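Structural overview
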Amino acid sequence: MTESAVVGRVAAVPSIPSERLALLFKVAHMYHVEGLRQPDIAARLHVTQSKVSRLLKEAVGLGVVRTVVVTPPGVFAELEYALRERYGLRDVVIAGTQSDDDASVLGAIGAAGAAYVESTLLPGDRIGISSRSVSLLAVVEAMAPVPARSAEVVVQILGAIGNPAVQVQATRLTDRLAELTGAEPVYLVAPGVVASLEVRDGLLADPYISQAVAAWEDLTTVLVGVGSMSTSPQRLSSGPAFPPVDLETLAAGGAVGDVCLNFFDRDGEPVHTGLHDRVIGISADLLRRVPRRIGVGGGPLKVDAIRGAIRGGWIDVLVTDQHTARRLLA
């Protein structure tokens with residue numbers, strides 16, 4: 001988005017002499033059209049630089065100078081603004097795609113998410129990152145190393161999910177993001193779903209696992225994918241996270257999606273099942289207390305899940321594509 005100043009005609013103002021209006025126009029033209037600096041204008045007109053500054057401000061106030069914001073191709077400022085206003089989001093980042101097939105959306109939101117994360121992290125940030133998301137993997141893979149340290153710690157907030165090949169992504173995401181930002185990595189060396197509450201409690205007593213869990217208390221940012229109950233090629237390729245009976249129970253409870261295996265319905269309200277007691281990951285209450293919650297996702301199968309995640313406060317920053325954005329507004 002570019003911003004430019006336009007100097008044009010303005011209706012006569014009765015309380016301002018025409019000579020002063022002429023001077024205002026001359027100063028504005030020199031500065032905005034001819035490109036002269038304020039000291040050069042002051043020297044040419046034999047006035048002080050502070051007077052030039054006051055005349056320029058007055059020209060803006062009277063409409064002699066108007067600011068025009070031009071949206072370049074591939075930027076969706078109006079769409080981002082509409083989504084922020086509709087859903088009360090902190091921020092929205094929309095990537096342009098030629099189509100809404102999985103490959104196009106994934107590549108676009110990966111690049112857009114990488115640029116957003118790179119430009120908004122602070123040296124003291126304590127980042128939590130989920131493990132089961134091809135969208136997050138695309139973001140991290142698209143990121144460039146940050147010259148100076150841009151985060152304090154990167155913590156895994158969900159245990160590994162799916163088949164063994166995909167479970168490697170959990171460590172890879174945490175390790176790579178920590179390397180790119182100069183942060184200390186904290187791994188959650190545990191499965192994301194276990195057989196029972198007793199097994200979960202036993203694993204949480206492990207000192208390495210409890211170290212990661214303790215780090216969730218003071219996160220400043222989380223980076224999460226938005227999972228959908230709809231079957232997608234990515235979910236099929238990663239293997240089943242839990243038995244079909246759990247999926248059936250969740251569907252019967254109205255679940256449309258999840259963030260870190262915290263399932264919710266269309267309105268973003270939690271869907272409680274026995275599965276909750278078998279998950280090793282950040283809790284719903286703790287997740288929604290994190291000051292900044294960046295959700296990355298897109299595609300037609302994820303619209304209901306993304307809408308629910310926004311409505312329920314599971315995320316307050318959305319990185320998506322323009323097709324998904326328009327569906328969310330429809």
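Scroll up for the structure.
Please read all numbers here as calculations on a predicted model, not as lab measurements. (Residues numbered from 1 in each chain as written. Predicted model: local features only at pLDDT ≥ 70, side-chain atom pairs only at ≥ 80, totals over all residues. Heavy atoms only, no water.)

Focus: the sheet that holds strand E8 (residues 227-228)
Strand order in the open sheet formed by three strands is E8-E9-E10, with antiparallel pairing between adjacent strands. Strands with a single pairing partner mark the edges of an open sheet, and in this sheet they are E8 and strand E10 (262-264). Inspection of the sheet shows strand E9 (residues 257-259) paired to E10 by three bridges, in the antiparallel sense. Its bridge partner being in E10, Asp 258 is matched across the sheet by Phe 263. (Pairing = 2+ DSSP bridges. Helix = DSSP H or I, 4+ residues; strand = E, 2+ residues; numbered from the N terminus.)

A closer look at the packing of aromatic side chains
For the structure shown, the criterion picks out one aromatic pair. Residues Phe 264 and Trp 314 carry aromatic rings whose centres are separated by 5.7 Å and whose planes lie at 25 degrees to one another, so their mutual orientation is stacked. Of this pair, Phe 264 sits in strand E10 while Trp 314 is found in the loop between helix H13 (303-311) and strand E12 (317-321), placing the two residues 50 residues apart along the sequence. The residue whose ring lies beneath Arg 288 is Trp 314, and the NZ or CZ to ring-centre distance is 4.2 Å. (Phe/Tyr/Trp six-rings, centres within 6.5 Å; stacked < 30°, edge-to-face > 60°. Lys NZ or Arg CZ within 6 Å of the ring centre and 35° of its normal.)

Thoughts on the environment of Ser 119
If you trace the backbone, Ser 119 turns up in helix H5 (residues 102-120). For the pair Ser 119 and Ser 150, spaced 31 residues apart in sequence, the C-alpha to C-alpha distance is 9.4 Å. There is a polar contact of 3.0 Å between the side chain of Ser 119 and the backbone oxygen of Ala 115. At a separation of 3.1 Å, a polar atom in the side chain of Ser 119 contacts the main-chain carbonyl oxygen of Tyr 116. (Polar contact = N/O pair within 3.5 Å; in protein donor to acceptor, adjacent residues only side chain to side chain.)

Regarding the side chain of Thr 273
Inspection of the secondary structure assignment puts Thr 273 in the loop between E10 and helix H12 (284-289). For Thr 273, a relative accessible area of 19% corresponds to the buried category. The contacts of Thr 273, once residues within four sequence positions are left out, are Thr 249 and Leu 250. (Buried < 20%, exposed > 50% of the residue type's maximum accessible area, 1.4 Å probe, protein only. Contact = heavy atoms within 4.5 Å.)

Quick look at the pairing of strand E5 (residues 153-156)
Because side chains alternate across E5, one face comprises the buried residues Val 153 and Val 155, and the other comprises Val 154 and Gln 156, equally buried. Bridge count between strand E4 (residues 126-129) and E5: four bridges; the pairing is parallel. When the sheet's bridge partners are listed, Ile 127 is paired in E5 with Val 154. The β-α-β motif built from E4, the intervening helix H6 (residues 134-142) and the parallel element E5 has right-handed crossover chirality. Sheet analysis places E5 next to strand E6 (residues 184-186), joined by three bridges and oriented parallel. Of the residues in E6, the one forming a bridge with Val 155 is Val 186. (Right-handed = clockwise from strand over helix to strand, strands pointing away.)

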